Amino acid sequence: MTLPANRPRVGIIGAGMSGLCMAATLRRAGYRDFVVYEKASEVGGTWRDNTYPGLSCDVPSRFYSYSFAPNADWTRNFASGEEIERYFVRVTDELGLREHIRFDTELASARWDGARYRLRSTDGRTDSVDVLVSATGILREPKLPDIPGLDSFDGAAFHSARWDHSVALKGKRVAVVGTGSTGVQITGALAGVAKPLYLFQRTAQWILPMPRLPYSPVSRAALKLVPGLNKLSYLGYQRIMELIFGHAVIEPGWQRDAVSALCRSYLRTTVRDEELRAKLTPPDEPMCKRLIMSTAFYPAVRRRDVQVVTDKIVAVEPKGVRTADGRVREADVLVLATGFDAHAFLRPMELVGEHGVTLEQAWRDGPRAYRTVAVPGFPNFFTLIGPHSPIGNHSLIAIAETQANYVLRWLDELSAGRVRRVAPTTEATERFNSDLRDSMSGTIWTSGCDSWYLGPDGVPELWPWTPARHRRMLAEPVPTDFELA
Ligand code: N01
């Protein structure tokens, strides 16, 4: 494809799932003048950083793939983290993205100078781009718990996203703090390995039984032979996910009732011990926190060598973890599966837009993007998986694709010379955010629980409509919502 000479130079921050998606979208459209700034030495983002035992994706693998890079080789219906990381590395190489990536380059700042963004990396190098796309992911910055004495622990202690593989676990006393998706997967993998395993649970979580099943070599060969089957499978999973979870999280109805009933009956029928079942019964509605998928967790916590501790942690001591009842569970290894700072956005990088206003200042009262992808006062800047993207148990890849294609529309406008500078109006952004907040009340996330889904003001930072509406909303730019120059 021949592009006009005035095509913009594009900078993408991050070579994780969404940054690679943007890069692949640009390359496929014939763009060559773009750079992906990646602070690590390999692609993959969260799938590179998270290597804990038991890591797998809870979105079906045939749908957790780029639609433009189907993978007939998935070995399971829910792929392991390692397999997903390999997939991203392969896509990077096969689509020729590696030559665009500047590894070991962490951006410290990006400043709009009236025409371009001036970039500076932490090692002092500089660059400039016409268009900047943030693809820094949501769950990037590990959150350490505020527990007194954490540093005093004598054994090995690490966050789940910084797993120390040099530490032997077999036969060791392991304490895991946290029962989100991560803590649940780790527990399933370490039960029977650690002796004993203490699981410190602050709030119980609902679990949906989703067995991880292998794909037979025959089915994989069939998908290779007939690529249309892969496409069909992708669309089938997309439809099912959107029909069930897409509706269950945003409005009352049979989907919500069905998911809820399944979670409750799974707990009732799998955990017969009443005391343990009481401990594992969440105080809130299924899906209020991110729903966990597992068939390994309940069997794991039923074991004699696994103990679910619900007493409040008061301190970590050199020998172990002290709870409010005065007991100390002695441990050799302490795993902090305590989640991420979902509100870090670009931090610690500084983004400066028009009139010297930083993103930090613009988002003082919480993140407000235009239709999840752009921010007033920050011309030629776009976000992938930005604020209020539809992430509740949906495939983030599908969302990133929608957003990358939207960015491409604007790039084509810039390339054609029809505009040089594009930023959403404050009015359009406020209108969108006001609609969004008005629509939150029917969602499950407002039914009374605490989670990383909620913003500082307690309002969910999610999408209160269907994923299909997100696609429709971003199908075509609405020029009247923008200040164009
Ligand atoms: O983190 P979380 P996560 N003392 O924030 C507890 C994605 N993911 O890493 O519920 C004691 O969900 C905290 O307790 P509470 C997925 O989107 C996807 O598990 O706040 N406990 C909670 O139990 C997921 O939602 C996959 O009371 C403390 C836990 O730590 C997201 O990542 C796999 C504590 C944190 O749970 C984050 O999941 C894994 C303290 N001081 C993860 N502080 C896939 O399959 C926190 N906790 C794609």
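Residues numbered from 1 in each chain as written. Predicted model: local features only at pLDDT ≥ 70, side-chain atom pairs only at ≥ 80, totals over all residues. Heavy atoms only, no water.

**Q** So what exactly am I meant to see when it comes to the site of the ligand here?
**A** Contacts to the ligand come from 23 residues, most closely from Ser56, Thr179, Thr182, Thr203 and Lys289. Thr203 is positioned with one of its side-chain polar atoms (N or O) 2.5 Å from an oxygen atom of the ligand. Ala337 is positioned such that a nitrogen or oxygen atom in its backbone is 3.3 Å from an oxygen atom of the ligand. Compared with its free state, where it exposes 910 Å², the ligand has 85% of that area covered by protein. Broken down by element, the shell around the ligand gets its largest block of residues, 3 residues, from helix 4 (residues 181-190). (Near = heavy atom within 4 Å. Polar contact = N/O pair within 3.5 Å; in protein donor to acceptor, adjacent residues only side chain to side chain. Areas by Shrake-Rupley, 256 points an atom, 1.4 Å probe, with all protein chains shown as cover. Helix = DSSP H or I, 4+ residues; strand = E, 2+ residues; numbered from the N terminus.)

**Q** What should I look at first to understand the domain arrangement of the protein chain in this one?
**A** You'll often see interface size given as the accessible area lost when the parts meet. Each assigned domain of the protein chain is listed with its residue range as follows: domain 1 (10-43 + 97-141 + 341-484) and domain 2 (150-211 + 252-336). Here domain 1 and domain 2 have C-alpha centroids that lie 34 Å from each other. Listed per partner, the contact involves 14 residues of domain 1 and 12 residues of domain 2. A buried area of about 990 Å², summed over both sides, lies between domain 1 and domain 2, and 52% of it is on carbon and sulfur atoms. Linking domain 1 with domain 2 are 0 salt bridges. Counting the contacts that link domain 1 with domain 2 gives 2 residue pairs in polar contact (both at pLDDT 80 or more). Partitioned by chemical class, the residues of the side of domain 1 that touches domain 2 number 6 nonpolar, 6 polar and 2 charged. (Domains from an automatic or database assignment. Contact = heavy atoms within 4.5 Å. Buried area = accessible area lost by both parts, 1.4 Å probe. Salt bridge = Lys/Arg side-chain N within 4 Å of Asp/Glu carboxyl O. Nonpolar A, V, L, I, M, F, W, Y, C, P; charged D, E, K, R; others polar.)

**Q** What should I look at first to understand the layout of surface pockets in this one?
**A** Taken as a whole, the second largest pocket encloses approximately 320 Å³ of empty space. The class makeup of the residues in the lining of the second largest pocket is 5 nonpolar, 5 polar and 4 charged. (1 Å grid on protein atoms, 1.4 Å probe; cavity = no way out; pocket = protein on both sides within 12 Å on 5 of 7 lines; lining within 4 Å. Points joined across faces, edges and corners; volume = space filled by probe spheres on them.)

**Q** Just checking my understanding: could you explain empty space enclosed by the protein for this structure?
**A** By rolling a water-sized probe across the atoms, one finds the places where empty space is left. All told, the structure shown has 5 cavities of 30 Å³ or more when counted by the stated rule. In this structure, the largest cavity spans a volume of roughly 250 Å³. Along its surface, the largest cavity is lined by 24 residues, and Ile138, Phe345, Ile385, Gly386 and Pro387 are the ones closest to its centre. The class makeup of the residues in the lining of the largest cavity is 15 nonpolar, 8 polar and 1 charged. There is about 80 Å³ of room inside the second largest cavity.

**Q** Hey, could you run me through a nonpolar patch on the surface in this one?
**A** Where nonpolar side chains cluster on the molecular surface, the patch consists of Leu225, Val226, Leu229 and Leu232 and spans about 410 Å² of accessible area. Looking at the element boundaries, Val226 is found in the loop between helix 5 (217-225) and helix 6 (227-248). The exposure class assigned to Val226 is partly exposed, which follows from its relative accessible area of 41%. (Patch = residues over 30% accessible without salt bridge, like charges linked within 9 Å, V, L, I, M, F, W, Y side chains within 5 Å. Buried < 20%, exposed > 50% of the residue type's maximum accessible area, 1.4 Å probe, protein only.)

**Q** Help me out: how do you make sense of the sheet that holds strand 17 (residues 333-336) in this one?
**A** Working definition: the strands of a sheet are paired by backbone hydrogen bonds and lie parallel or antiparallel to each other. Read from one edge to the other, the open sheet built from 5 strands follows the order 8-17-9-10-13, with strand pairing classed as parallel. Every other strand in the sheet has two partners, leaving strand 8 (156-159) and strand 13 (306-309) as the edge strands with one partner each. Taken over all neighbouring pairs, the strand axes of this sheet differ in orientation by 15° on average, direction set aside. Across 4 bridges, strand 8 lies against strand 17 in parallel orientation. Following the sheet pairing, Ala156 is matched in strand 17 by Val333. (Pairing = 2+ DSSP bridges. Axes fitted to C-alpha atoms, helices over the stretch in contact; angles between N-to-C directions.)

**Q** Could you clarify how one ought to interpret the sheet that holds strand 16 (residues 328-330) in this entry?
**A** In spatial order, the strands read 14-15-16; together these 3 strands make up an open sheet with antiparallel pairing. Of all strands in the sheet, those bounded by a partner on one side alone are strand 14 (313-316) and strand 16. Each neighbouring strand pair of the sheet contributes to a mean axis angle of 25°, computed without reference to strand direction.

**Q** What am I meant to see in unusual backbone geometry here?
**A** Glycine aside, residues mostly have negative phi, and peptide bonds are mostly found in the trans state. With an omega of -10°, the peptide bond between Lys195 and Pro196 qualifies as cis. Within the fold, Pro196 resides in the loop between helix 4 and strand 10 (197-200). Residues Arg347 and Pro348 are joined by a peptide bond in cis, for which omega reads 5°. In this structure, Pro348 sits in the loop between strand 17 and strand 18 (350-352). A positive phi angle, close to 55°, is found at Asp104, a residue other than glycine.

**Q** Looking at this structure, how should I read the pattern of salt bridges?
**A** A pair can form between side chains of opposite charge whenever their charged atoms are brought close. Evaluated as defined, the whole model comprises 32 salt bridges. The residue Arg471 makes a salt bridge to Glu242 at a minimum N-O spacing of 2.7 Å. Here the residue Arg471 occupies a position in helix 13 (residues 467-473), and Glu242 occupies one in helix 6, the gap between them amounting to 229 residues. In this structure Glu242 comes out as buried when scored by relative accessible area, which is 12%.

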